[in-house]
There are 2 protein chains.
Amino acid sequence: MGLRELKKQRTRDLLLRSALELFAERGYEETTVDDIADAADVSQRTFFRYFASKEDAAFFVSRLAESRFVEAVRARPAGEAPLDALRLALVASWSTIGEAVEQLIPMELHLRFYRVIESTPALLAAHLRRATELEEEIARVIAAREGLDVDADPRPRVVVAVFGAVMRVTERIWSARDDAGLAALRDLTATYLDQVAPALTGDWRGPALAEGAGPTPQRSNET
Amino acid sequence: MGLRELKKQRTRDLLLRSALELFAERGYEETTVDDIADAADVSQRTFFRYFASKEDAAFFVSRLAESRFVEAVRARPAGEAPLDALRLALVASWSTIGEAVEQLIPMELHLRFYRVIESTPALLAAHLRRATELEEEIARVIAAREGLDVDADPRPRVVVAVFGAVMRVTERIWSARDDAGLAALRDLTATYLDQVAPALTGDWRGPALAEGAGPTPQRSNET
DNA sequence: TTGTCAACTGTCAGTGGCTGTCATTAGCCT
DNA sequence: AGGCTAATGACAGCCACTGACAGTTGACAA
């Protein structure tokens, strides 16, 4: 790799890290692109040569994680039921995603920024839009697995949408908690996914399975 | 009502109508706030005194519709299962929403603008964020119905999230079709809601119920 | 090594969304 | 009629973002 290439990568990395640190410290809206550029010792114009927008920088890490998850879904054996495949892909990609993130920035910073996303309307909106795009991509993967046409059969999009909805509820609850660590997110995800069937049943007198503000890890070590 | 009050209402109405018409005609991003203000013969500053943002004007009508839906959910008899209550509230509020919208702008314009939302990333993002806020509100209503605590029991948020997810998939598909009328949306909604259970089942060899690009109204007149 | 090309960067100017300020206008009330 | 106050317009300024142009620096061949 040439010197030029190396410098470029260093600049992008520095910009990314500076951006996320500033976002996590003082907030997204309170951080101007000029601030980020100054922190990385480049001009504002240069920032926009590396990132299409302020938002683009904010979701750079998420993009990586998402692509890993899609790969994991693709790698699932054909026999599994769609919803199982999604859940197992999530479990399987967990560590892979962790490594990929850590290659760019400390995981601690990523988690801290995740809470900024949830508490910043503009970022949350962008996050949700990106999530639906992801869902469309995954719906096509699921449809392909089952030999179906996404436009002819509603089910692929519906399962993926349901799965995604539960994931988002989980993220939301998790980010509002005090123990917003990786383990807590994994446990919460499992708990909420377990609630899909009970929640859709008319009979809510079934097991309530209280799992809320308190730190009540239900299941772990599923890797 | 005084003259002042009347003039204010007229101005807001004119601004709203001008905005939506311009959005529908030439696109959201292609329309500047100055354009809207000019069309309504006021200054740009005045536009921002009536609407907090360009986006705020875009979702003014949606806000009305959503509040009607929430009311409808609240009005559902306590005996119904949560998912049924949501679906029936939707059916029940259909006409009420229509009237409320028509009071502000022609329904045709509203439907046309709906497609602009889906095709404009910034608007779609805002729409999704607003949708999750709505879901939180409805989750609390559902929880109250069942005598549960939203933070202690995951199920209220999960059902609502699932319902919302299906609604959004429906909107998306609907807006991409040629016959994007009210009746088509109603039919599509019913079709997709019917697919929740089948989609979550592992067995996808069941009834495929092909309903896609083609104009294939499945059920109507459920009012 | 050196000269040339292409890539990278900084500077500057400009647009659009949005806000604060202040003077002016116009409805309201006595 | 005249004073009070809400509504408005005009102006200045911030921030995200973009296009244009010029200067700098790595890459590569002679």
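This structure is a prediction, so every number in the text was calculated from the model and none was measured.

J.: Can you walk me through the relation of the copies chain A and chain B in this structure?
T.: The second copy of the chain is related to the first by a rotation about an axis and a shift along the axis. At an RMSD of 0.1 Å, chain A and chain B line up after a rotation of 180° and a shift of 0.0 Å along the axis. Such values leave the two copies arranged in the relation of a two-fold axis. An overlap of 100% is found between the interface residues of chain A and their copies at the interface of chain B, pointing to a shared contact surface.

J.: It is not clear to me how helix α9 (residues 155-176) of chain A should be interpreted in this structure. Could you clarify?
T.: With 22 residues, α9 of chain A should reach 32 Å at 1.5 Å per residue; the first-to-last C-alpha distance of 32 Å fits that figure. Within α9 of chain A, 20 of the 22 residues are buried, which leaves it mostly tucked inside the rest of the structure.

J.: Explanation requested: the protein's contact with DNA strand D in the structure shown.
T.: Close to DNA strand D lie 24 residues, the nearest being L3 and K54 of chain A together with K8, T46 and R49 of chain B. Among the atoms of DNA strand D lying within 4 Å of the protein, the sugar-phosphate backbone contributes 57%. Contacts to DNA strand D include S43 of chain B, whose backbone N or O atom sits 2.8 Å from a phosphate oxygen. Broken down by class, the residue content of the surface near DNA strand D amounts to six nonpolar, eight polar and ten charged.

J.: It is not clear to me how the protein's contact with DNA strand C should be interpreted in this structure. Could you clarify?
T.: Around DNA strand C lies a shell of 21 residues, among which K8, T46 and R49 of chain A together with L3 and K7 of chain B are the nearest. Among atoms of DNA strand C positioned within 4 Å of the protein, sugar and phosphate together represent 61%. For DNA strand C, a base oxygen lies 2.5 Å from a polar atom in the side chain of R49 of chain A. Contact between DNA strand C and Y50 of chain A: a phosphate oxygen at 2.9 Å from a side-chain N or O atom of the residue. For the surface near DNA strand C, the elements supplying multiple residues, two or more each, are α1 (3-26) and α3 (44-50) of chain A together with α1 (3-26) and α3 (44-50) of chain B.

J.: What am I meant to see in the interface of chain A and chain B here?
T.: Accessible area lost during the coming together of the parts is what is often quoted as the interface size. If you look at the interface, chain A gives 47 residues, while chain B gives 47 residues. For chain A, the biggest contributors to the area lost against chain B are R155, L200 and W204 of chain A; these three give 22% of the whole. Along the contact surface separating chain A from chain B lie two salt bridges. Residue E136 of chain B pairs with R172 of chain A through a salt bridge whose shortest N-O separation is 2.8 Å. There are six residue pairs in polar contact (both at pLDDT 80 or more) connecting chain A and chain B. When contributions to the side of chain A that touches chain B are tallied by element, the ones reaching two or more residues are α6 (82-104), α8 (121-146), α9 and α11 (196-200) of chain A. Top element by residues in the side of chain A that touches chain B is α9 of chain A. It accounts for 13 residues. Class assignment of the residues belonging to the side of chain A that touches chain B gives a composition of 32 nonpolar, five polar and ten charged.

J.: Explain helix α6 (residues 82-102) of chain B here, please?
T.: What sets the pattern is the α-helix's 3.6 residues per turn: residues three or four places apart point alike. All names here are of chain B. In this model α6 runs 30 Å from its N-terminal to its C-terminal C-alpha over 21 residues, within 8% of the 30 Å that 1.5 Å per residue would give. Taking the largest bend as the criterion, α6 deviates by roughly 40°, centred on S93. Where α6 is concerned, the buried positions are P82, A85, L86, A89, L90, S93, I97, G98, A100 and V101. Close packing links the buried residues of α6 with α5 (60-74), α7 (107-119), α8 (121-146), α9 (155-176) and α10 (182-194).

J.: What is the right way to look at the packing of aromatic side chains in this model?
T.: The geometry of an aromatic ring pair comes down to the distance between the two centres and the angle between the two planes. All names here are of chain A. What the rule picks out here adds up to 14 aromatic pairs over all chains. Taking 5.8 Å as the distance between ring centres and 80° as the angle between the ring planes, the aromatic pair formed by Y114 and W174 counts as edge-to-face. Taken together, the residues span a long stretch of sequence, with Y114 in helix α7 (residues 107-119) and W174 in helix α9 at a distance of 60 residues. Under the relative-accessibility criterion, W174 is labelled buried at 0%. By the ring-pair criterion, three or more aromatic residues cluster together here, those being F47, F48, F51 and F60. The aromatic ring of Y28 is capped on one face by K54, whose charged end is 4.5 Å from the ring centroid.

Criteria and cut-off values
Residues numbered from 1 in each chain as written. Chains lettered and ligands numbered in written order. Predicted model: local features only at pLDDT ≥ 70, side-chain atom pairs only at ≥ 80, totals over all residues. Heavy atoms only, no water. Least-squares fit on C-alpha atoms with pLDDT ≥ 70 in both. Contact = heavy atoms within 4.5 Å. Helix = DSSP H or I, 4+ residues; strand = E, 2+ residues; numbered from the N terminus. Expected span 1.5 Å × (residues − 1). Buried < 20%, exposed > 50% of the residue type's maximum accessible area, 1.4 Å probe, protein only. Near = heavy atom within 4 Å. Polar contact = N/O pair within 3.5 Å; in protein donor to acceptor, adjacent residues only side chain to side chain. Nonpolar A, V, L, I, M, F, W, Y, C, P; charged D, E, K, R; others polar. Buried area = accessible area lost by both parts, 1.4 Å probe. Salt bridge = Lys/Arg side-chain N within 4 Å of Asp/Glu carboxyl O. Bend = angle between axes of the 7 residues up to and from the residue. Phe/Tyr/Trp six-rings, centres within 6.5 Å; stacked < 30°, edge-to-face > 60°. Lys NZ or Arg CZ within 6 Å of the ring centre and 35° of its normal.

Interpretation in functional terms is not warranted from these geometric data alone.
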